[in-house]
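Geometric and topological summary
This is what each chain is made of:
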Amino acid sequence: MKNEFKKGFYFKSYEAPFQSPFEKLFGIFKELITHTSGDFDEAISWLRELDIEYKLTDENYTIDDFIEDLKKKGYIKDEVKEDGTNGFGITAKTERAIRQQALDQIFGNLKRSGNGNHKTKHAGNGDEHTGEFREFNFGDGLERISLTESLRNAQINNGVESFMLTENDLVVEETQHKAQMSTVLMIDISHSMILYGEDRITPAKKVAMALAELITTRYPKDTLDILVFGNDAWTIPIKDLPYLQVGPYHTNTVAGLQLAMDILRRKRNTNKQIFMITDGKPSCVRERDGSYYMNSNGLDEYIVDKCYTQAQQARKLHIPITTFMIANDPYLQRFVNHFTEANQGKAFYTGLKGLGEMIFEDYETNRKKRVR
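For clarity, every value in this text was computed on a predicted model and none was experimentally measured.

**Here we look at the overall build of the protein chain**
The secondary structure content of the protein chain amounts to 10 helices and 12 strands. For the protein chain, with 372 residues in total, the buried portion stands at 45%. The long-range share in the protein chain, meaning contacts at least 24 apart out of those at least 6 apart in sequence, stands at 69%. Counting only carbon and sulfur atoms, one obtains 49% of the accessible surface of the protein chain, whose full area is about 21400 Å².

Printed below as a string of structure tokens:
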């Protein structure tokens, strides 16, 4: 009897992809180490509690076995703590793994049309060939000459017997111009980022880690600088992102913007932008004499006006500011509206869930922009 094969869909119960005991625990561990700002002991303590509640391990593979594997695989190392006791700390390998997980969680959820190649619509120096040719012009690099097409022209113009290659025979192949982008990511680390029992700093850290991993691995010609702002503003290296914590700070947005613009002034790229993640109003400025003026009650006109001035200054420098406000207060939204208008930038009012996707969508979009 002849076998008949029918086309169609076959439905079956979902089967989770196989994960070894280590892989299953390692995914949870990376999430916990982000929440604990790199505190290994606290992350393991949480993991043990989760194990008791959800039976993550069995007698064949315990949490202690997992810790031993972390050490063997180079994810943790012996270190002496501040109190003089011996313990474990995470390594650079773990920091990279955390950034990669953040990238997968955030960037992996974007639509196919959003992941882009950072291409522009402009022809110019680049590594992507368009298939179109033009005459060689003075100033074109020799590496851009299409040898095959140029030899073909020489044969047509001069014949095979008296073969001669002249400048008039040379053609170059057009390539797609790929612009570079310099980005500064500002992260609010004021006390309000953990106020009222809501953790807003962890999603902000995840976004920063994912953006850092995206740029360093996929767009190595781009630059990313990360700064944090509380009473003052300062830069932090990418490797320190997992350890980022909030402090007993007010929100000196002005200091953050000034530092961001100072950084971008030194960049040679035409395309520059600032991303600012904040959940509260500006409440602090530093005066010329070094003292601080602080006011947490409502929107202080003196502080707000200084923010508007910085927004206008960034506009003059052709630096758009994209503000991601993690707040729904109407008076804060009015402030951000005026701030965005002064800069001619962008603003998003968002909860914590969609923060990463919106930043990456906007990064991809702005990355294609050419400022003239």
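**Section: the packing of helix H7 (residues 253-265) against helix H8 (residues 301-316)**
Remark: H7 packs on H8, axes separated minimally by 9 Å, with the N-to-C direction vectors making an angle of 15°. What the angle tells us is that H7 and H8 run roughly parallel. Considering how the two elements wind past one another, H7 and H8 form a crossing that is left-handed. Two secondary-structure elements touch here, H7 through Thr 253, Val 254, Leu 257, Gln 258, Met 261 and Arg 265 and H8 through Ile 303, Lys 306, Cys 307, Gln 310, Gln 313 and Ala 314.

**Considerations on the sheet that holds strand E6 (residues 223-229)**
Sheet architecture is open: 6 strands sit in the order E7-E6-E5-E8-E11-E12, paired in mixed fashion. Single-partner strands in this sheet number two, and they are strand E7 (233-236) and strand E12 (346-349). For this sheet, the mean inter-axis angle between neighbouring strands, taken without regard to orientation, is 20°. Strand direction decides the pairing type here: strand E11 (residues 321-325) and E12, joined by 4 bridges, are parallel. When the bridges of E12 are listed, Thr 323 appears paired with Ala 347. Along the sheet face, helix H9 (residues 330-343) touches strand E8 (271-278), E11 and E12 and points at about 160° away from the line of E12.

**Digging into helix H2 (residues 40-54)**
For H2, with 15 residues, the first-to-last C-alpha span of 21 Å sits near the 21 Å given by 1.5 Å per residue. Every buried residue belonging to H2 is among Phe 40, Ala 43, Ile 44, Leu 47 and Asp 51, and all of these are buried. Down the axis of H2, the buried set is contained in an arc of 95°. They therefore lie on one face. Of the exposed residues in H2, those oriented more than 90 degrees away from the buried face are Glu 49, Ile 52 and Glu 53.

**A few points about the nonpolar core**
Counting residues in hydrophobic clusters, the biggest one holds 55 residues, and the most contacted among them are Phe 29, Phe 66, Leu 70, Leu 185, Ile 187 and Leu 211. When residues in this core are grouped by element, the largest group, 10 residues, is from helix H6 (residues 201-218). Residue-level mapping places this core at the junction of two domains, with at least three residues from each of domain 1 (19-89) and domain 3 (179-367). In contact with Ile 187, other than residues within four places in its own chain, are Ile 201, Ala 204, Ala 208, Ile 226, Leu 227, Val 228, Phe 229, Leu 241, Leu 244 and Ile 277.

**Here's the deal with the pairing of strand E5 (residues 181-188)**
Summarising burial for E5: 8 of the 8 residues are buried, a large majority. Neither face of E5 is left uncovered, since the one carrying Met 181, Thr 183, Leu 185 and Ile 187 and the one carrying Ser 182, Val 184, Met 186 and Asp 188 both have all their residues buried. As paired strands, E5 and E8 are joined by 7 bridges and run parallel to one another. When the sheet's bridge partners are listed, Val 184 is paired in E8 with Ile 274. As defined by bridge partners, E5 adjoins E6 across 7 bridges and the pair is classed as parallel. Considered in E6, the bridge of Leu 185 is made with Ile 226. Crossover connection from E5 via H6 to parallel E6: handedness right-handed.

**Description of the pairing of E11**
Where burial is concerned, most of E11 is hidden: 5 out of the 5 residues are buried. Burial along E11 is two-sided: the face carrying Ile 321, Thr 323 and Met 325 and the face carrying Thr 322 and Phe 324 are both buried. In terms of strand pairing, E8 meets E11 through 5 bridges, oriented parallel. Residue pairing across strands places Ile 277 opposite Phe 324, the latter belonging to E11. Between the parallel elements E11 and E12, the chain passes through H9 in a crossover that is right-handed.

**Focus: the packing of helix H1 (residues 21-35) against H2**
Closest axis-to-axis distance for the H1/H2 pair is 9 Å, and the angle between their directions is 130°. Taken together, the axis directions place H1 and H2 in an arrangement best described as oblique. Both H1 and H2 take part in a crossing whose hand is right-handed. Within the contact between the two elements, H1 uses Leu 25, Ile 28, Phe 29, Leu 32, Ile 33 and His 35 and H2 uses Phe 40, Ala 43, Ile 44, Trp 46, Leu 47 and Leu 50. Across the contact of H1 with H2, the residue classes tally to 11 nonpolar, 1 polar and no charged.

Parameters and conventions
- Residues numbered from 1 in each chain as written.
- Predicted model: local features only at pLDDT ≥ 70, side-chain atom pairs only at ≥ 80, totals over all residues.
- Heavy atoms only, no water.
- Helix = DSSP H or I, 4+ residues; strand = E, 2+ residues; numbered from the N terminus.
- Buried < 20%, exposed > 50% of the residue type's maximum accessible area, 1.4 Å probe, protein only.
- Contact = heavy atoms within 4.5 Å.
- Areas by Shrake-Rupley, 256 points an atom, 1.4 Å probe, with all protein chains shown as cover.
- Axes fitted to C-alpha atoms, helices over the stretch in contact; angles between N-to-C directions.
- Parallel < 35°, antiparallel > 145°, perpendicular 65-115°, else oblique.
- Left-handed = near helix turned anticlockwise from the far one by under 90°.
- Pairing = 2+ DSSP bridges.
- Expected span 1.5 Å × (residues − 1).
- Arc of directions from axis to C-beta.
- Core = buried A, V, L, I, M, F, W, Y, C linked by side-chain atoms within 4.5 Å.
- Domains from an automatic or database assignment.
- Right-handed = clockwise from strand over helix to strand, strands pointing away.
- Nonpolar A, V, L, I, M, F, W, Y, C, P; charged D, E, K, R; others polar.

Just distances and angles here, no functional claims.
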